[in-house]
Amino acid sequence: MAPRLQLEKAAWRWAETVRPEEVSQEHIETAYRIWLEPCIRGVCRRNCKGNPNCLVGIGEHIWLGEIDENSFHNIDDPNCERRKKNSFVGLTNLGATCYVNTFLQVWFLNLELRQALYLCPSTCSDYMMGDGIQEEKDYEPQTICEHLQYLFALLQNSNRRYIDPSGFVKALGLDTGQQQDAQEFSKLFMSLLEDTLSKQKNPDVRNIVQQQFCGEYAYVTVCNQCGRESKLLSKFYELELNIQGHKQLTDCISEFLKEEKLEGDNRYFCENCQSKQNATRKIRLLSLPCTLNLQLMRFVFDRQTGHKKKLNTYIGFSEILDMEPYVEHKGGSYVYELSAVLIHRGVSAYSGHYIAHVKDPQSGEWYKFNDEDIEKMEGKKLQLGIEEDLAEPSKSQTRKPKCGKGTHCSRNAYMLVYRLQTQEKPNTTVQVPAFLQELVERDNSKFEEWCIEMAEMRKQSVDKGKAKHEEVKELYQRLPAGAEPYEFVSLEWLQKWLDESTPTKPIDNHACLCSHDKLHPDKISIMKRISEYAADIFYSRYGGGPRLTVKALCKECVVERCRVLRLKNQLNEDYKTVNNLLKVTVKGNDGFWVGKSSLRSWRQLALEQLDEQDGDADQSNGKMNGSTLNKDESKEERKEEEEELNFNEDILCPHGELCISENERRLVSKEAWSKLQQYFPKAPEFPSYKECCSQCKILEREGEENEALHKMIANEQKTSLPNLFQDKNRPCLSNWPEDTDVLYIVSQFFVEEWRKFVRKPARCSPVSAVGNHALLCPHGGLMFTFASMTKEDSKLIALIWPSEWQMIQKLFVVDHVIKITRTEVGDANPSEAQYISEPKLCPECREGLLCQQQRDLREYTQATIYVHKVVDNKKVMKDSAPELNVSSSETEEDKEEAKPDGEKDPDFNQIMHAFSVAPFDQNLSIDGKILSDDCATLGTLGVIPESVILLKADEPIADYAAMDDVMQVCMPEEGFKGTGLLGH
């Protein structure tokens, strides 16, 4: 037996021999376990919840030993946020803006670009007032150049370990939660910056983008017939290199410049020959920029899936790149050295993380820029090994090739930045302009103030912790009560008092009170007995209540528990006694009526009732559980309790009297009833002479009379309308019977309800009226045409013979007469007939009904739509072809909204996997109508449940260039649409 259960049993062992009226103060204190010995620290390893005198393991160990001052607070050292000496400043990742941060660091370490931006005029002069900056106003850059100026100035001279680029990101209108294409961002921002700087008067500022990043090449086409050359000059800011199928950077450059033959259908129209001729086409590099950006096309379009994918193949590149073999004009200096490597960690094109390895142009040392964290590489060497290991996509991945000295291999590098080696090394640091430096110093002052504030908060927390330490050491020694006056305090409160992470609240003992507003015996396991001295200090410092002294021990609860325990022990003996008494035949009027169901389960009911009484205070006082029960929950529990019948309530009638059915009850002797009453004192009592409920007797007689009446009515109606009941020999509008010119109409619902009554008259009420108003419109006109009543509306009506109609008018109340009359048209052809309804059709209401039916058809959820593939004008249905569970009313705008279970978005990509047809090759149609409007709903397109959509696939395009065109036209991406990058 568990120790806690052993304590419970020991605390109440006396109740086996003591009657409830004999309970003394000693018994009460025993029930509350005052007699238990207190535990000793070091011997007791954890708190004994069953022992109110155990004060070990409640959280005191934190305070009684030596305490580190850092445990008194959760404030990090503000100096950890300070910039390290001879290091760079990081940038905060605002959610998914790591791709922006990497390019900002690369551009910042381009000293020529930084110097030119510092020379750019600023509106900060309006912000300046007198000799300095307005203290009460925060500086807000107005243009992209000003944002970049301020960011660069902070990156250069800030005291912070990292800065927040949110102003710059917000000015560009970027979504901080969506990761974008880094290469596209680089192109668009450079274009935006060049366009912005082109308006500057200073040529060093106006031309900086072209001087640093712009090169020129020519598309050269040579006619094989006459040798004429055609050149198309073009500027470039980066070279986009295909890496598929290559292992070295030089191979990628060679493929970029390789010659292409124009033959067959792709022949070139030569203006000199005035005809199409075979020709060759290639790219010639005419000039190269100081900073050469090489974009490695890692993210390519996968035609099979219709999405982008990442090529995780290794590409080797050297730290020194000689571009002379690739340029048209030889003899110049075209040797470049590696200055930055931009990395994408991750196997997917739609997720992952961007970092940058950048070389400091002044010291020649390499740094890894990872948002807020910046790491200096050892020995002035570029190290990519860790990044390559982190992006391991699978066990079958190709091993990393061996790299020689001065060369590197990467499967995650997506952009390489090279600097012209002949360019002069910068000897001095780029100076921050005075107005920007003043802004930086102001931000540094705010940072220093924050550091001082954090340090002061740490000091205050330490002082409070030391004071608490002294308080705990003093009071914990005085907590045990011993033989002196004592009180009870909640264990939970004591633990929170000893918890250094939470402020101490007032003492709250309400959760431990019984229905008599005293300490409940069952709650002693979550209470602790402490000295009156310690309790006085606690209440004076923290307040709260109620105070639970020795007077709070509840005698009423102890006495009731004693009674219940004695009955539990007595139950087994009484069960045997009652069983023997039930075998005795009851004579005369000395017996009592008891429900048979109650007799079968009385022992279980008694045990459950005693258990409920044992914990009655738990249910009677909401305060006892620490939190008030939810009103709805308490109502539901009360209803369930009410529905469960108590002892002998199974023979109660609805009026609270003895039920009339003798099969449900039996007579027991007076002695047996006395025993049962000890356990169920509130049970309904019915002596054998007690009469049954008079109201039930009357209702029983009335019920028998009604049942007989219903059977008589049903028999009469069945005899009067035999064919209508048996659904035999029914007339049909499409095959009008020859022996009558008139047919009557009633609602099919009326006929079905009437048949139910005739079949089971004892269980159903008689049908008294024919409700034909359901077939008419509000104007009294008929809602159905003759043609519709022969087809789709035939299920709503029932046709009646004239003879049957006469009988219906006698048996039922008829609200509206509806009939169809056939009349012959002309003498020439007697077979032609005209059908007239009374009342006549209401055209307006009929049209409204049809429109509503169409709307109902087109508004649905979880409907099944079938897709058939058409090959050579023949339908093909694969086993794996999808049945799309779709909603008719979902527009393109709704796709991002969360759907409840069962309302999933229609996934037409299932078609791609079932038939191997990419989305842009799919031509969908229904009933000859092309489904091309992506913004329309299925309902507006006429797609109703169980519809069949036809799929015709376009032939795949082999030419990769043409495939790119298809991708751009048929698979548009949002990208940077709506941002400031496209505003220029």
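Keep in mind it's a predicted model, so treat the numbers as computed, not measured.

1. What to know about the sheet that holds strand β33 (residues 819–824)
For step 1, the next point in the chain: If you trace the 4 strands from one edge of the open sheet to the other, you get β31-β29-β33-β34, paired in antiparallel fashion. Every other strand in the sheet has two partners, leaving β31 (797–800) and β34 (833–838) as the edge strands with one partner each. Here the average twist between neighbouring strands, direction ignored, is 30°.
For step 2, the next point in the chain: Summarising the sheet, strand β29 (residues 742–747) and β31 pair through 4 bridges and their orientation is antiparallel. Its bridge partner lying in β31, Val 746 is registered against Ala 798.

2. Quick word on the environment of Ser 363
For step 1, the next point in the chain: Tracing the sequence through the fold places Ser 363 in the loop between β18 (353–359) and β19 (366–370).
For step 2, the next point in the chain: Classification of Ser 363 by relative accessible area gives partly exposed; the value is 27%.
For step 3, the next point in the chain: With 17 residues separating them in the primary sequence, Ser 363 and Lys 380 have C-alpha atoms 8.7 Å apart.
For step 4, the next point in the chain: At 2.9 Å, the side chain of Ser 363 and the side chain of Asp 360 are in polar contact.

3. A word on the pairing of strand β25 (residues 527–531)
For step 1, the next point in the chain: Of all 5 residues in β25, 5 are buried; the element is thus mostly enclosed.
For step 2, the next point in the chain: Bridge count between strand β23 (residues 486–490) and β25: 5 bridges; the pairing is antiparallel. When the sheet's bridge partners are listed, Val 489 is paired in β25 with Lys 528.

4. A word on the sheet that holds strand β8 (residues 260–262)
For step 1, the next point in the chain: Strand order in the open sheet formed by 4 strands is β6-β5-β11-β8, with antiparallel pairing between adjacent strands. Looking along the sheet, the strands with just one partner apiece sit at the ends: β6 (229–236) and β8. Each strand axis lies, on average, 25° off the axis of its neighbour in the sheet, ignoring direction.
For step 2, the next point in the chain: Relative to β6, strand β5 (residues 215–223) is paired through 8 bridges, and the arrangement is antiparallel. Considered in β6, the bridge of Thr 221 is made with Ser 230.

5. A short note on the nonpolar core
For step 1, the next point in the chain: Counting 65 residues, the largest nonpolar core has Phe 185, Phe 189 and Leu 193 as its most contacted members.
For step 2, the next point in the chain: Tallying contributions element by element places helix α7 (residues 144–157) first for this core, with 9 residues.
For step 3, the next point in the chain: Here this core gathers at least three residues from each of two domains, domain 2 (78–124 + 140–203 + 432–457) and domain 3 (212–389 + 404–420).
For step 4, the next point in the chain: Discounting residues that sit within four places of it in the chain, Phe 185 has contacts with Tyr 99, Val 100, Phe 103, Trp 107, Leu 172, Leu 174, Phe 976 and Leu 981.

6. Let's talk about helix α12 (residues 249–256)
For step 1, the next point in the chain: Taken together, the buried positions of α12 are Leu 249, Cys 252 and Ile 253. Across the axial projection of α12, the buried residues extend over an arc of 100°, all falling on one side.
For step 2, the next point in the chain: Packed against the buried residues of α12 are β7 (239–241), β12 (291–296), β15 (315–318), β16 (320–322) and β22 (413–420).

7. Focus: the environment of Lys 368
For step 1, the next point in the chain: Turning to its location among the elements, Lys 368 is positioned in strand β19.
For step 2, the next point in the chain: Measuring from C-alpha to C-alpha, the distance between Lys 368 and Ala 340 comes to 9.8 Å, with 28 residues separating the pair along the chain.

8. Regarding empty space enclosed by the protein
For step 1, the next point in the chain: Scanning all chains against the criterion turns up 1 cavity of 30 Å³ or more.
For step 2, the next point in the chain: The volume enclosed by the largest cavity comes to roughly 40 Å³.
For step 3, the next point in the chain: Lining the largest cavity, in full, are Cys 98, Asn 101, Thr 102, Gln 105, Tyr 354, Ile 355, Phe 369, Asn 370 and Asp 371.
For step 4, the next point in the chain: Sorting the residues of the lining of the largest cavity by element identifies α4 (98–108), β18 and β19 as the ones contributing at least two each.
For step 5, the next point in the chain: Ranked by the residues each element gives to the lining of the largest cavity, the list is headed by α4, at 4 residues.
For step 6, the next point in the chain: Tallied by class, the residues present in the lining of the largest cavity amount to 4 nonpolar, 4 polar and 1 charged.
For step 7, the next point in the chain: Residues from two domains meet in the lining of the largest cavity; each of domain 2 (78–124 + 140–203 + 432–457) and domain 3 (212–389 + 404–420) gives at least three.

What counts as what
- Residues numbered from 1 in each chain as written.
- Predicted model: local features only at pLDDT ≥ 70, side-chain atom pairs only at ≥ 80, totals over all residues.
- Heavy atoms only, no water.
- Pairing = 2+ DSSP bridges.
- Helix = DSSP H or I, 4+ residues; strand = E, 2+ residues; numbered from the N terminus.
- Axes fitted to C-alpha atoms, helices over the stretch in contact; angles between N-to-C directions.
- Buried < 20%, exposed > 50% of the residue type's maximum accessible area, 1.4 Å probe, protein only.
- Polar contact = N/O pair within 3.5 Å; in protein donor to acceptor, adjacent residues only side chain to side chain.
- Core = buried A, V, L, I, M, F, W, Y, C linked by side-chain atoms within 4.5 Å.
- Domains from an automatic or database assignment.
- Contact = heavy atoms within 4.5 Å.
- Arc of directions from axis to C-beta.
- 1 Å grid on protein atoms, 1.4 Å probe; cavity = no way out; pocket = protein on both sides within 12 Å on 5 of 7 lines; lining within 4 Å.
- Points joined across faces, edges and corners; volume = space filled by probe spheres on them.
- Nonpolar A, V, L, I, M, F, W, Y, C, P; charged D, E, K, R; others polar.

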